[in-house]
Number of protein chains: 2
Amino acid sequence: MREITGGVTAAKGFQAAAAAAQIKYKDRTDMAMIYSEVPCVAAGTFTTNIVKAAPVKWDQDVVYHHEKAQVVVCNSGIANACTGAEGYGYCRQTADAAAAALDIPAESVLVASTGVIGMQIPIDRIADGVKAMAPRLSGTVEAGTEAAKAIMTTDTVKKEVAVEIEIGGRTVTIGGMCKGSGMIHPNMCTMLGFLTTDAAISKELLQKALSEDIKDTFNMVSVDGDTSTNDTVLLLANGMAGNPLIDQEGEDYEVFCKALNFINTTLSRKIAGDGEGATALFEVTILGAESKEQAVTLAKSVVTSSLTKAAIYGHDANWGRILCAMGYSGAQFDPEKVDLYFESAAGKIKIIENGVSTGYSEEEATKILSEEAVTAIADIKMGDCTATAWGCDLTYDYVKINADYRS
Amino acid sequence: MREITGGVTAAKGFQAAAAAAQIKYKDRTDMAMIYSEVPCVAAGTFTTNIVKAAPVKWDQDVVYHHEKAQVVVCNSGIANACTGAEGYGYCRQTADAAAAALDIPAESVLVASTGVIGMQIPIDRIADGVKAMAPRLSGTVEAGTEAAKAIMTTDTVKKEVAVEIEIGGRTVTIGGMCKGSGMIHPNMCTMLGFLTTDAAISKELLQKALSEDIKDTFNMVSVDGDTSTNDTVLLLANGMAGNPLIDQEGEDYEVFCKALNFINTTLSRKIAGDGEGATALFEVTILGAESKEQAVTLAKSVVTSSLTKAAIYGHDANWGRILCAMGYSGAQFDPEKVDLYFESAAGKIKIIENGVSTGYSEEEATKILSEEAVTAIADIKMGDCTATAWGCDLTYDYVKINADYRS
């Protein structure tokens, strides 16, 4: 596996474009289009929030009930959530506009939205944006990057990644981009993520690979504990790499899954590290769990603890808050057997052993916690299962961004 | 029922004292004692965090396995949590010191701690504090207030309340005090709360009354979603009011429960409104639920949503975040049937009807949300059950307090 430059346009046959459609922002692009030269099999995972945005409902229909998809149209100004039948109608009109512009069926158009909840989208400007983007589609790295920038909301950096793998003697590429910074606590799914691959793979295995992988990647990210109404990850595979079709589990499928995991882990860490207002990526690893579920519960409880996140912001080795968050997680363990470490580029330190302080150096701990990415590792000594969750620190700027969001 | 001045010393036969024992703070009192002239029946509810502080374990033994209790000793400098066998030994030594100073059995001494997790308490200073407080015990309102001040940590105001009721022709008093500002998300229990009454009531019914009531009061409070290791509510009843013993459910028991509910609701609102860094008390009421459990789940999900809390700080009627938090709560409902209102001293406004915006005035909504206590009311139109939860807004100061807590 080899990481390469690029994102959604890295795989063969994928093109992208962006437009400044004036949906919300006046001075930047706010629409993106991802297009495959040939129809793709598509997999998707979606928010478990029962308040689902209209585009989530639209895409679920396309992914679950249609064989092929060929284009994704996204706007980053208005979420089109809590907009009733009118909002769902705008998804159809967006798909119709793209179908007309690209001469493809409306049922092969996926739509995605992110932004303010509760407002209706200005469908004329969306349709104009679609018309403007279609003739500008390009397979260059730059076109992919422009699309990655256009889907940002409170994100401070664009998020894309791509890798090459070998399958059946052919080079297969997987690339992806995502956005997400606040209202991030994906459950069975995530923020907005768009993944493209030229692998030849059956629709069934594509969905299986994605559904399995997000449990360890996007579902392990939390910025603020708020599961969005719009969470969507789409994975399009157009088969243009020419590898033997992956239609059963085996070595080729494993290679594909491993590359997909790299893509999703990289994007997950990018989201967590760019959490609203964050100054640090906060990674929590649980070791020695009896079951995967127990490890996941403990890791997520720590990574979402407001008190722990504020302590990370303060570079404070306040381990009591970590043990406390493990304790109220609902998972069973013996607090008096826990070992806890902090680790970063500046080193690794054992903070507690069997539930009590090791008498560690606060100075050294603070140094380790002052890096841009810090990890807490808790060993509960019950078994061999592990899990890692990603989050960020809680800062003044998180409050500022979210007290002012609509104004 | 009549509210009166005072707190833990309001009921007949209860005395209190405070001391500056230098446990953590150098310039204020940090220990409190509550004493009854005669032995009491005692009820208690405790944290469900599996990381339980040593005093929680000690008090559980006293409440569950002994008939009577007579004194509570509290320090507000160090939590005595995650301190192993050594920490539990200090509970025993604290009880021994109080037993010697007051000439009562050590098994009738309740202990409570709040403060930093993971440090051992300086037992000599605790013992000196106990010795200093015993001769200073007093039944005045002022002595109760001094005790309420001594148990504060990041609290900005002391929290006490008292009421009088009539039972069997006798005046019965219930009073209480509590502390709590951060790490507040009580589960089956709460922060530190100390309630006293001169009612004559059986130990069994006293525990039942308390256990039932906290479900609707302290358990509905959340400042930051972090369930503490030290949550404890103790209720002591010494029988000195001379009412006919309440030893079965019936009218007298109902009168007692109603007064207890007033005490606990008042203290719960005081904790939420004084949440760390808070500028506003945020109350969430769910109407029209099918079951109490559903209403509780929805109310707690909204009141703990970081995004909603930040919007309340910004006086922003960001109703999408409220509907979103209801949607990811795990409770089932139809988003397209929800009506939502904001209410405060400045008025009441309907924000959404059947899941979509009413086209309300943002200006009027902002005015309503600019008060010190604001309520969101969601009607899900499925049944007759309701629940109310209390929290606060999320502010810069919450982050500041918790990034700097140990330094």
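Residues numbered from 1 in each chain as written. Chains lettered and ligands numbered in written order. Predicted model: local features only at pLDDT ≥ 70, side-chain atom pairs only at ≥ 80, totals over all residues. Heavy atoms only, no water.

Undergrad: When you look at unusual backbone geometry in this model, what are you seeing that I'm missing?
TA: Most peptide bonds adopt trans geometry, and most residues besides glycine take a negative phi value. All names here are of chain A. For His-315, which is not glycine, the phi dihedral falls at a positive 55 degrees. Mapped onto the fold, His-315 is located in the loop between α8 (306-313) and α9 (319-327). Residue Lys-381 is not a glycine yet carries a positive backbone phi of 55 degrees. Secondary-structure assignment places Lys-381 in the loop between β14 (373-379) and β15 (385-392). With a relative accessible area of 36%, Lys-381 lands in the partly exposed category. (Helix = DSSP H or I, 4+ residues; strand = E, 2+ residues; numbered from the N terminus. Buried < 20%, exposed > 50% of the residue type's maximum accessible area, 1.4 Å probe, protein only.)

Undergrad: In this structure, what is going on with the packing of aromatic side chains? I would like to understand it.
TA: Describing an aromatic ring pair means giving the distance of the ring centres and the angle of the ring planes. Scanning the entire structure with this criterion turns up seven aromatic pairs over all chains. A ring pair is formed by Tyr-313 of chain A and Tyr-396 of chain A, whose centres lie 5.7 Å apart and whose planes are at 75 degrees; its orientation type is edge-to-face. With Tyr-313 of chain A in helix α8 and Tyr-396 of chain A in helix α11 (residues 396-403), this pair connects stretches of sequence that are 83 residues apart. Assessed through its relative accessible area of 31%, Tyr-396 of chain A is described here as partly exposed. Here the aromatic rings of Tyr-396 of chain A and Tyr-396 of chain B are separated by 6.3 Å at their centres, their planes lie at 55 degrees, and the arrangement is tilted. With Tyr-396 of chain A in helix α11 and Tyr-396 of chain B in helix α11 (residues 396-403), this residue pair bridges two chains. By the ring-pair criterion, three or more aromatic residues cluster together here, those being Tyr-313 and Tyr-396 of chain A together with Tyr-313 and Tyr-396 of chain B. The residue whose ring lies beneath Lys-348 of chain A is Tyr-341 of chain A, and the NZ or CZ to ring-centre distance is 4.9 Å. Here Arg-28 of chain B stacks its cationic end above the ring of Tyr-25 of chain B, 4.0 Å away from the centre of that ring. (Phe/Tyr/Trp six-rings, centres within 6.5 Å; stacked < 30°, edge-to-face > 60°. Lys NZ or Arg CZ within 6 Å of the ring centre and 35° of its normal.)

Undergrad: Help me out: how do you make sense of the interface of chain A and chain B in this one?
TA: When the parts of a complex come together, some accessible area is lost, and that lost area is often used as the size of the interface. Taken together, the contact pairs 53 residues of chain A with 53 residues of chain B. Summed over both sides, the interface between chain A and chain B buries roughly 4200 Å², with carbon and sulfur atoms accounting for 61% of that surface. The partner of Lys-57 of chain B in a salt bridge is Glu-336 of chain A, and the shortest N-O contact between them spans 3.8 Å. In this assembly, chain A and chain B are joined by eight residue pairs in polar contact (both at pLDDT 80 or more). If you list the elements that add at least two residues to the side of chain A that touches chain B, you get α8, α9 and α11 of chain A. Residue classes in the side of chain A that touches chain B are distributed as 25 nonpolar, 18 polar and 10 charged. (Contact = heavy atoms within 4.5 Å. Buried area = accessible area lost by both parts, 1.4 Å probe. Salt bridge = Lys/Arg side-chain N within 4 Å of Asp/Glu carboxyl O. Polar contact = N/O pair within 3.5 Å; in protein donor to acceptor, adjacent residues only side chain to side chain. Nonpolar A, V, L, I, M, F, W, Y, C, P; charged D, E, K, R; others polar.)

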